[in-house]
Amino acid sequence: MTKQSRIFKLSQLVMLVMIVVLMSVSCKMIDPDENNTGIDNDNEKENNIDKQKDEIDDNDKNEEIKDDSENTDTKDEEEAKKPVEIDYQAVKPNELGHIMVIMYHGIIDLPPYHVTEEQLLEQLQYMYDHKYRPISVRDYIDNNINIEAGYTPIVFTFDDGLSSTFSLIEENGKLVPKPGTAIEIIERFSKTHPGFDSKAGLYINGQKIFEGAGTVEERIKWLVDHGYDVGNHTASHDKTQMLSKLDSRQIMKNIGIVDQIIKNAVPDYTVDSLAYTFGNRPVKALRNLVLDGEYNNIKYNYSVAFKEGASAPYYPPLHTKFDPLNVARARGSKGEVQDMGWFFDYYEQHPEKKYISDGNPDRVSILEKDEDSVNKDKLGEKELYLYKLNQ
């Protein structure tokens, strides 16, 4: 082969390679499956910019909607928190009036200290129909009363830690109140009567504490976990151990034993109310040991101590005449003077004597003439609202 022929062949080969390379690049540019090409790059950039702008606009709109929603929720919450103003002349609130504390024991047919299930249900229905609403002992002490305007708070207490008052049974692997016990009856009633909360204070001695399923600790914890108050009824229920017959050391022991039983069951629980056994108090010189004392190097502090039966009037803790060591209770029966039924009739004739709520837990509404009877040191952050009744 001549030199010229070789050159010609080589040039043909170079041309062929160039054609193949050009064809490869051209195919790549029009491949519809490669990054959606076939769309002009400038148009693609513009479309991307428009898309980003639309996303920003949508985000702005979503933020505006979210802000409006949050503002609406906040406004709704604020509106819900605002107290509903009432017609004071019609409601006639009296938040310095009597709050009756009822004293029960067990659910047996043995009046006036015990009631049957039928009697208790009848009493609860009367209270519900006549605008009485249960509050806890804790809320009673703290003047934290949150019930509807025109309604009257009432406090239930049960002494002695009886199994007919409260007892647990095991049901489907859970501990629940035994049917027919006082607490089960109140729980059942409250579920079918809106606004009638299942609240009560239960006062225990140092032995036979709500006998039934579960340990003593589990029984006390069940009550506290479900919104009930558990209080001190002293270690002994023997008349030879009445507080009036004891010296200072014995008084603190009688109170301290039960105080520690409750605190051991529910360590974070505040125990600060006591019910005297037989309504019997220490001698006057030692009475302060009911409120503050010490046993086994553990201190106790109490806010109130309840008496036993026929011990009215029922001044609330905010009243200047309230005596924390001598808090009145009415026996949960009817007929006898100053028992619960007697006072229900009395308040029907004298509605101005009982506590009537203004519906605002942050305000204490009373007649202007009663201002001097308010213990203003106990008001805390609550507003004192004075008004007059039109003649």
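Below, the structure is looked at part by part. (Residues numbered from 1 in each chain as written. Predicted model: local features only at pLDDT ≥ 70, side-chain atom pairs only at ≥ 80, totals over all residues. Heavy atoms only, no water.)

In terms of regular secondary structure, the protein chain is built from nine helices and 14 strands. Put simply, of all contacts in the protein chain between residues at least 6 apart along the chain, 68% involve residues at least 24 apart. Surface exposure of the protein chain reaches about 22200 Å², of which carbon and sulfur atoms provide 49%. (Helix = DSSP H or I, 4+ residues; strand = E, 2+ residues; numbered from the N terminus. Contact = heavy atoms within 4.5 Å. Areas by Shrake-Rupley, 256 points an atom, 1.4 Å probe, with all protein chains shown as cover.)

Moving on: the pairing of strand β13 (residues 363–367). Of all five residues that make up β13, five are buried, and the element is covered over most of its length. Burial along β13 is two-sided: the face carrying Arg 363, Ser 365 and Leu 367 and the face carrying Val 364 and Ile 366 are both buried. (Buried < 20%, exposed > 50% of the residue type's maximum accessible area, 1.4 Å probe, protein only.)

What follows deals with helix α9 (residues 340–349). Turning to α9, its buried residues are Met 340, Gly 341, Phe 343, Phe 344 and Tyr 347. For α9, the angular spread of the buried residues around the axis is 160°, confining them to a single face. Every exposed residue of α9 that faces more than 90 degrees away from the buried side is listed here: Asp 345 and Gln 349. Packing partners of the buried residues in α9 comprise β1 (101–104), α4 (117–129), β2 (132–134), β3 (152–159) and β12 (330–331). (Arc of directions from axis to C-beta.)

Turning next to helix α6 (residues 182–192). By the criterion of burial, α6 is predominantly enclosed, with eight of the eleven residues buried. The set of residues buried in α6 consists of Ala 182, Ile 183, Glu 184, Ile 185, Ile 186, Glu 187, Phe 189 and Ser 190.

Below, the discussion takes up the side chain of Asn 232. Mapped onto the secondary structure, Asn 232 falls in strand β7 (residues 229–232). Looking at Asn 232, its side chain comes within polar contact range of the main-chain oxygen of Ile 255, at 2.8 Å. The residues contacting Asn 232, other than those within four sequence positions of it, are Tyr 203, Ile 204, Asn 254, Ile 255, Val 258, Asp 259, Ile 262, Ser 273, Leu 274, Ala 275 and Tyr 302. (Polar contact = N/O pair within 3.5 Å; in protein donor to acceptor, adjacent residues only side chain to side chain.)

Another point: unusual backbone geometry. With an omega dihedral of 5°, the bond running from Pro 111 to Pro 112 counts as a cis peptide bond. Even without being glycine, Asp 160 reaches a positive phi, approximately 90°. Of note, Asp 160 is situated in the loop between β3 and β4 (168–171). Since its relative accessible area comes to 15%, Asp 160 is described here as buried. Here the phi dihedral of Asn 296 falls at roughly 55°; this positive angle occurs in a residue that is not glycine. Inspection of the secondary structure assignment puts Asn 296 in the loop between β9 (292–295) and β10 (298–301).

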